[in-house]
Every structure is written in structure tokens, then in C-alpha cells.
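# Observations on chain architecture
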Amino acid sequence: MKKTLLSLAIAISAILSLASCGSDDASSTSSKADESSKPAESQSTAASEDSEKSEDVTTSEGSSDEPVSVDPEFKLDITCNDELEDTELIVTVANNGEDADSYWYFKYADSAAKITVYVDDESVLSADGIEFYLGEKKASTKFEDGKFVSVVVTADGKVVAKGYENGGYNKDITVEASVQGWEYESSKGFVVNVSVPYELVGNDSDSAYENLSIAPALINCNGSDATKGFYEDCDANAANSFILVTNDDTFEANPFSGVVTLGPGSSDCPVVGDWDTTNDFASDDAKYADRIVTLSADGVNTIYFSGISGPVAYAEATFKLKGIKNNDAWPKFGLLFNDGAENGLFCFIDSATGDGAKDQLSDIFKDDAGYVHVTAGEYKWADTEKIDWPTGWKYDQAVTLAVLRNGDTVTFYVNGAPTYVITGVPSLTADSESFIGINAFNLDLEVTNYRCTDDANDETIKKLLKK
């Protein structure tokens, strides 16, 4: 078990200086975040002992909304000597060639979850720290039927804690937290203790036991840069990616990790519109065949296949229109690519009623398939629109649309027939990420039989790529 530890001078915040090393009775620090804080839409980038993937925390959402402020003169007194016990939960993050290691320990206490983290860092700055998301274990990506929390603690003693309920940000919360300087033999850095009451994650001491999961992250500063990395495949945007805490300091991977459901694609691809995902069943669910998502909202509305962004990917969905919203004369529906910066491609069915903005489905006279490039959120209708493939679809019929991405090439299918092969899509390069979403303009609709994968061994992908 890896046990290398830190070196560094440290100074403890006065409000935290009384906390005992590794103690369950951490000094209390009230966290108050900006009232405009957004729901947790954290990075999908993962980091582990052998991973170099990480993200600049200055753009992070779901933790502090303010840019990282680094005090290079910050010092932390060494006040605690403590040898590390074995733990399998180790997060390592590199920043400009300098590694920092964090060792995570968990205890199911009487009324709260106790998290202790030892950070081994060659050079501790004020904005170095830890972050974690904690909630009930989940079989899906969504937290819509429960509570969870996010907590950030930096080496200078600052704490930002937020509570989420029914899938969104609820309120700032208060947790007990302490930071101390730490060393053992040739290693030194700082140790963080946090206590999260079970009630904040919707549990009591009995229901919480062996029922919680955690997504731990380390923040490593180097100069004015701060880099954050999560443990392995943990993603604060996907509840089923969190590491299960089966007992005190006993962790195991969530068996449902990677199961795709509908929701945000990433922190940069949020859900837009009033989508009802009550019956969005994951592929491991016995009711998966009955999965359905519905939409009733004006404007442009999008929901993504969570976490699917590979350079080779396939998505399909069956659409059934239920109504026209906002008297739109040119409503559309289909599948959207989004690279996280609102660049991509929209493959759609034109369901226009024409001039006069008629509002009945029976007024729809178009059935053509088309596509349009999207740049910085703008649909480039005048430049790249292509709508001339009649599909034979009627407004009162269901239609199945699919897209196959292979690098910078997208093939668009309508009821299994390839309609367009779009090459050289600017936002899609050979290895770039791009999330796939279900997209609709001013329509009430039902979507069924949807799925998405970027697994190169998927039978549909292999079959279509051979053609």
C-alpha cells in the first residue's frame, strides 16, 4: 500500500488550532457560500494514483464559486505527528510536475460520517485542499430522490459546504471541520477532519451504515495554478460513480458505475427544459424496456446521455410528438452533439407548420430530415442547414432517430436508414469529447427506447462501422 508522505512548513488558522490530530471532535467552522451558488455539476475528469487527468479548479462549479486565491506566504505550523494506516482510497494529483497525495479514511460514527484526509504535499499553499461529495449509494446517475452534500476545505482553514436535494442545490450548510499541520518521519503536510451529520444526507445512524458513497478529490496548487482531480472514475455529476463505503475505512466500487441514464452530460452540458425523467430506468433495472422521458417546455430544450462523450459513439431514440408549444411555426426534434462549449451538430426532423404559426400537430406538413452546425450556442441555419431528405414520417407516428459518430464524421439515421453522412464537423476531431443529447424546439414529446454508448465493442457500433 502506498504510504509516501509530505514535506512542508505549515501554519494553522486560529479558529482551528485547538483541534486534535485525527480527532472525531473537529473544531467547528461554519461555511457560508455565495447565495447564487449553482447545482453540483462537477468535473467528469478523474484522477487516481496513476492518472494525470485533472481540472483547473478556477472553473469548478459545485464547490466554491470564487476563483482560487493563493497566498504564497502562507505557512502552517507542524502541530501533529501521526503515522498513516493502510487505506485503499488514495488520490494523487500532479500540478506542473509536482505530485500531491491524499489518504482518505472514513468512520461511521454515532450521528455523523467522519472523514479524515492526510495530504502529502511538497509545498503547501493556502488554496491546497480537499473536496468530496457524499450521499446515499445509487444505482443511477441521478440524486433526484435523495440528498447529498459537497464540502471543500482548504489548507488555510476555509470551508465551503453545500446541501443538495431532489437533484439540485438546496442551501449552504454547516459542517465541523479542522485543518492541522502534519508530519511523520520524512513526510509532512496537513490533515483535514470533517464531520457530516447523517441528517444532511437524508439518513440516521441506522440507515446510513454501509449505505453511503463518496467522491473524493484533491486540490493541488503550484504557484497560482490549482488543479483538482477525483478518485479514479468518480464524477460528482454521476451518483452511481461514487465509491461505496461498506464499513469504516472499507471501500468498493459502485457496481452500477457507468450505467447510462439521461441528465446532464457534464458540468458544461446541463439539462435545459422541463424534462420528466421519473421513468428513466437504467439498463440494469428490470423496468428498462419501459423507460420513457417526456418534455413539456417552450424554447430549445436538451437532455443528455450522462457521461457518454467518446470519439466513437452511437445514440438512438424513438420520438412521439404530443403537442406544439409557443405557436412555433418551425418546431424541430432530434439528437445534438455538444463539445461542452456549445459547439456541435444538431441532426433533426423538421416538423414545420409553416407561416401563420398554427398550433396543432395536424398542421405539420414537413417530414424532412436535416442537420445544422452549432457554434458557441448559435445554430448556423443560413450557412450549413441541410433539409431535403423526405422521411415519410407523419406527425401522429413515432420515429426512431440515430447518430453514429466516428471521429469527425457523423452518420444520421431515420428509422434505420442512413440519411446523411456529415464529414469534417469542426467541433469533432479524431479524439475530442462531445456529449450527445436529445434536443427539441417548442414541442411536447415522449422519448422511448433510447440508448447511447461509446463502447467500441458495442455490437451496433461494430456492425455500422463495417459498412
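One structure accompanies this document, and this report is about it.

Rules used throughout
- Residues numbered from 1 in each chain as written.
- Predicted model: local features only at pLDDT ≥ 70, side-chain atom pairs only at ≥ 80, totals over all residues.
- Heavy atoms only, no water.
- Helix = DSSP H or I, 4+ residues; strand = E, 2+ residues; numbered from the N terminus.
- Buried < 20%, exposed > 50% of the residue type's maximum accessible area, 1.4 Å probe, protein only.
- Contact = heavy atoms within 4.5 Å.
- Areas by Shrake-Rupley, 256 points an atom, 1.4 Å probe, with all protein chains shown as cover.
- Pairing = 2+ DSSP bridges.
- Salt bridge = Lys/Arg side-chain N within 4 Å of Asp/Glu carboxyl O.
- Core = buried A, V, L, I, M, F, W, Y, C linked by side-chain atoms within 4.5 Å.
- Phe/Tyr/Trp six-rings, centres within 6.5 Å; stacked < 30°, edge-to-face > 60°.
- Lys NZ or Arg CZ within 6 Å of the ring centre and 35° of its normal.
- Polar contact = N/O pair within 3.5 Å; in protein donor to acceptor, adjacent residues only side chain to side chain.

A few words on the overall build of the chain. Helix and strand counts for the chain come out as three helices and 32 strands. Counting all 467 residues of the chain, 56% fall into the buried class. Within the chain, contacts between residues at least 6 apart in sequence are counted, and of these 69% link residues at least 24 apart. Put simply, the chain shows about 19200 Å² of open surface, and 43% of that area lies on carbon and sulfur atoms.

Looking down a regular strand, the side chains alternate between one sheet face and the other. Counting buried positions along strand β15 (residues 225-231) gives six out of seven residues, so the element sits mostly inside the fold. When strand β14 (residues 212-222) meets β15, the two strands line up antiparallel, connected through six bridges. Looking at the pairing, Asn-220 lines up with Thr-227 of β15.

Turning to the pattern of salt bridges, a few remarks are in order. Scanning the entire structure with this criterion turns up 13 salt bridges. In this structure, Asp-156 engages Lys-158 in a salt bridge whose closest nitrogen and oxygen atoms are separated by 2.9 Å. In this structure, the salt-bridge partner of Glu-459 is Lys-462, at a minimum N-O distance of 3.3 Å. In this pair, Glu-459 and Lys-462 both sit in helix α3 (residues 459-466), three residues apart, roughly one turn of the helix. A relative accessible area of 56% means that Glu-459 is categorised as exposed.

In terms of nonpolar packing, the biggest core is built from 54 residues, with Ile-115, Phe-132 and Leu-134 touching the most fellow members. Ranked by residues supplied to this core, first place goes to β14 with five residues. Not counting residues within four places of it along the chain, the set of residues in contact with Phe-132 comprises Trp-104, Ile-115, Val-149, Ser-150, Val-151, Val-194, Val-196, Ile-214, Ala-215 and Pro-216. Residues Trp-275, Val-410, Leu-428 and Ala-440 belong to the second largest nonpolar core, which totals 44 residues.

Before going further, it helps to spend a moment on the packing of aromatic side chains. This structure, assessed with the given rule, holds 19 aromatic pairs. Measuring from ring centre to ring centre gives 5.7 Å for Tyr-379 and Trp-381, while their planes differ by 10°; the resulting arrangement is stacked. Take Tyr-379: its relative accessible area is 18%, and that puts it in the buried class. These aromatic residues form a ring-pair network of at least three members: Phe-346, Phe-348, Tyr-379, Trp-381 and Phe-441. When the ring centre of Tyr-288 is taken as reference, the NZ or CZ atom of Arg-291 above it lies at 3.8 Å.

What follows concerns the environment of Asn-442. You can see Asn-442 is positioned in the loop between β31 (435-441) and β32 (443-453). Asn-442 gets classed as buried once you look at its relative accessible area, which sits at 9%. For Asn-442 and Asn-326, which are 116 residues apart along the polypeptide, the C-alpha to C-alpha distance reads 6.3 Å. Those residues in contact with Asn-442, other than ones at most four positions away along the chain, are Ala-297, Asp-298, Gly-299, Gly-323, Ile-324, Lys-325, Asn-326, Asp-328 and Pro-331. There is a polar contact of 2.6 Å between the side chain of Asn-442 and the backbone nitrogen of Gly-299. Polar side-chain contacts of Asn-442 include one of 2.9 Å to the side chain of Asp-328.

Its place among the elements puts Asn-203 in the loop between β13 (187-197) and α1 (205-208). Among residues more than four places away in sequence, those in contact with Asn-203 are Glu-136, Tyr-198, Ala-208, Asn-211 and Leu-212.

Within the secondary structure layout, Asn-81 lies in strand β4 (residues 78-81). For Asn-81, a relative accessible area of 56% puts it in the exposed group. Between the alpha carbons of Asn-81 and Trp-182 there is a distance of 5.7 Å; along the sequence they are 101 residues apart.

Right, let's get into unusual backbone geometry. Although it is not a glycine, Glu-185 sits at a positive phi angle of roughly 55°. With respect to the helices and strands, the residue Glu-185 is situated in the loop between β12 (175-184) and β13. A positive phi angle, close to 55°, is found at Asp-249, a residue other than glycine. As for its placement among the helices and strands, Asp-249 is situated in the loop between β16 (243-247) and β17 (250-252).

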